[in-house]
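Residue strings, one per chain:
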Amino acid sequence: MNSSYIKSISRAWIEVDLDAIIHNMYLVRRVQQGTAIMPIVKAEAYGHGLVAISKLLDREDIAFLGVANVLEAKKIHDAGVLTKPFILGATFPGEREEIVKNDWRCIISTLEDLSDFEQISKKYGKIFNVHLAVDTGMGREGFAPHGLGNVLNKLNHSTNIKLEGIMTHCPAADVDIQYTENEIRLFEKCVKLVECHHTLKYKSIASSACALGYKLQCSNLVRLGLLTYGIPPIDSDLCNELRPTLFFFARVLTVRELQAGSTISYGCTYKVSKNMRVATLGVGYACGWSRHLSQSPAKVYINGHYCSLLGRVTMDQIVVDVTHLPCVKSGDIAELIGKHITVNQLAEWAGTIGCEIYARLGSRVPRIYKSNTPQVINTRSV
Ligand SMILES: *Cc1c(COP(=O)(O)O)cnc(C)c1O
């Protein structure tokens, strides 16, 4: 299916600027010279499309592709992507054989993880590369810094495990500089301790906010989600150079005149007080235009003008005020996220963060990929 056909039949669609993704990702090198990069493609590449974005990034100078679980790893592996997936969260014992066989990367967080991987690696006669997770404040996974002695001891006696890296994740890099500076010092100490016994190829403390906001002598691998997808992780001059990567559009289905006294949408929460013109758009919460936007100041952008949401968001449709647009007609295009409405603006209206808006964009919404070099269109159903 070509993109003009998809656009012609779709009520709502997403256009992804592939060149912007590449541009954004490499911006990190301005602040962390020479760092290795792990772009994050979990959660359908923050809504942009797991396989398409992984294929794009596979051609770039990256170390790993960050995924959330084995299913995501398998999807990109089966699609022919050669860059190794890095599973960011904990793994279950039942999925570890597949990880070892494919030489995918993951973290170890407990001594049991370590012995399990050791056993499996022996069984397959492989040397398995692991990354030691340290908990410096996130509280989700990893060894406590004071408990590293035990795991290092065990690693020294292991024959089939190679310690390739160490990593932690900062919970407050965007909001608490002092806390994060302390965390970086603590991570540095952990790195030094581990390096008494092992050569670490990768040391990774930074996600997007941490990578942009801090000096990181102890880190040589950054894990980039937000930055890659153009969401400013912190306030910084560099963020002015970020390019938007995702454009979300919906089509006007019908335009109608409503008389004073009419009501709009479920619960009749909106009562028409004077005659008005309204447009019904083919987008709803099943597309990722959140129901939490109901009764917020949420707007869409049609033919050069902002138009306010009226009444509740339904599964497939919304109603907006076009009284000030005499010429709007069925088939016209409304911008939902793009040049005039940023993802963070939409998130603010919905009472969440841009990242969640992206992650919840519906799988029913077709993605159209654009680039100066010819690209493929994804094969999800329209
Ligand atoms: C999701 C995730 C990231 C990416 O964070 P951003 O703030 O989007 O850059 C990095 N590291 C880990 C462990 C993650 O789970």
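Since this is a predicted model, take the numbers as computed values, not measurements.

**Student:** Would you take a moment to explain the sheet that holds strand 8 (residues 202-204) for this structure?
**Tutor:** Hydrogen bonds between backbone groups are what pair the strands of a sheet, and the pairing can be parallel or antiparallel. Spatial ordering of the open sheet is given by 3-4-5-6-7-8, a layout of 6 strands whose pairing is parallel. Edge positions in the sheet fall to strand 3 (65-67) and strand 8, since each has one partner strand and no second. Sheet twist, expressed as the average angle between the axes of neighbouring strands with direction ignored, equals 35 degrees. With 2 bridges connecting them, strand 4 (residues 85-87) and strand 5 (residues 105-108) associate as parallel partners. Within strand 5, the residue paired with I87 across the bridge is C106.

**Student:** So what exactly am I meant to see when it comes to the site of the ligand here?
**Tutor:** Within the structure, the ligand sits among I40, K42, Y46, L88, R140, H169, S207, S208, R223, L224, G225 and L226. A distance of 3.5 Å separates an oxygen atom of the ligand from a polar atom in the side chain of R140. With respect to the ligand, the backbone of L226 contributes an N or O atom lying 2.8 Å from an oxygen atom. Summarising the interface, the protein chains cover 89% of the accessible area of the ligand, which totals 400 Å² for the free molecule. Here the ligand occupies the largest pocket. Going through the elements one at a time, helix 3 (42-46) and strand 9 (221-224) are the ones with two or more residues in the shell around the ligand. Residues that form the shell around the ligand fall into these classes: 5 nonpolar, 4 polar and 3 charged.

**Student:** How should empty space enclosed by the protein be read in this particular structure?
**Tutor:** The tally for this structure, following the rule as stated, stands at 1 cavity of 30 Å³ or more. There is about 50 Å³ of room inside the largest cavity. Considering the residues around the largest cavity, the lining is formed by A133, V134, D135, T136, M138, E141, M167, T168 and H169. When its residues are assigned to classes, the lining of the largest cavity shows 4 nonpolar, 3 polar and 2 charged.

**Student:** Any chance you could explain the domain arrangement of the protein here in plain terms?
**Tutor:** By a frequent convention, interface size equals the accessible area lost on bringing the separate parts together. When the domains of the protein are assigned, the result is domain 1 (32-229) and domain 2 (246-370). One C-alpha centre belongs to domain 1, the other to domain 2, and the line joining them spans 39 Å. Listed as interface residues are 8 residues of domain 1 and, on the opposing side, 6 residues of domain 2. When the two sides are added together, the surface that domain 1 and domain 2 hide from each other amounts to roughly 630 Å², 65% of it contributed by carbon and sulfur. Three residues, Y46, G47 and H48, lead the burial of domain 1 against domain 2; their summed loss comes to 63% of the area buried on that side. At the surface where domain 1 touches domain 2, the tally comes to 0 salt bridges.

**Student:** Would you mind showing me how to read the packing of aromatic side chains here?
**Tutor:** The geometry of an aromatic ring pair is captured by two quantities: the separation of the ring centres and the angle between the planes. Taken as a whole and assessed by the stated rule, the structure comprises 6 aromatic pairs. With a centroid separation of 5.6 Å and an interplanar angle of 65 degrees, the aromatic rings of F64 and F86 are classed as edge-to-face. Of this pair, F64 sits in the loop between helix 4 (50-58) and strand 3 while F86 sits in strand 4, and the two are 22 residues apart along the sequence. Taking the relative accessible area as the measure of exposure, F64 reaches 3% and is therefore buried. By relative accessible area, F86 is classed as buried at 1%. Ring geometry for F64 and Y202: centres 5.3 Å apart, planes at 70 degrees, overall edge-to-face. Placement of the pair is F64 in the loop between helix 4 and strand 3 and Y202 in strand 8, with a sequence separation of 138 residues. Look at Y202 and you get buried, because its relative accessible area is 12%.

Calculation rules
- Residues numbered from 1 in each chain as written.
- Predicted model: local features only at pLDDT ≥ 70, side-chain atom pairs only at ≥ 80, totals over all residues.
- Heavy atoms only, no water.
- Pairing = 2+ DSSP bridges.
- Helix = DSSP H or I, 4+ residues; strand = E, 2+ residues; numbered from the N terminus.
- Axes fitted to C-alpha atoms, helices over the stretch in contact; angles between N-to-C directions.
- Near = heavy atom within 4 Å.
- Polar contact = N/O pair within 3.5 Å; in protein donor to acceptor, adjacent residues only side chain to side chain.
- Areas by Shrake-Rupley, 256 points an atom, 1.4 Å probe, with all protein chains shown as cover.
- 1 Å grid on protein atoms, 1.4 Å probe; cavity = no way out; pocket = protein on both sides within 12 Å on 5 of 7 lines; lining within 4 Å.
- Sits in = over half its atoms within 2 Å of the grid points.
- Nonpolar A, V, L, I, M, F, W, Y, C, P; charged D, E, K, R; others polar.
- Points joined across faces, edges and corners; volume = space filled by probe spheres on them.
- Domains from an automatic or database assignment.
- Contact = heavy atoms within 4.5 Å.
- Buried area = accessible area lost by both parts, 1.4 Å probe.
- Salt bridge = Lys/Arg side-chain N within 4 Å of Asp/Glu carboxyl O.
- Phe/Tyr/Trp six-rings, centres within 6.5 Å; stacked < 30°, edge-to-face > 60°.
- Buried < 20%, exposed > 50% of the residue type's maximum accessible area, 1.4 Å probe, protein only.

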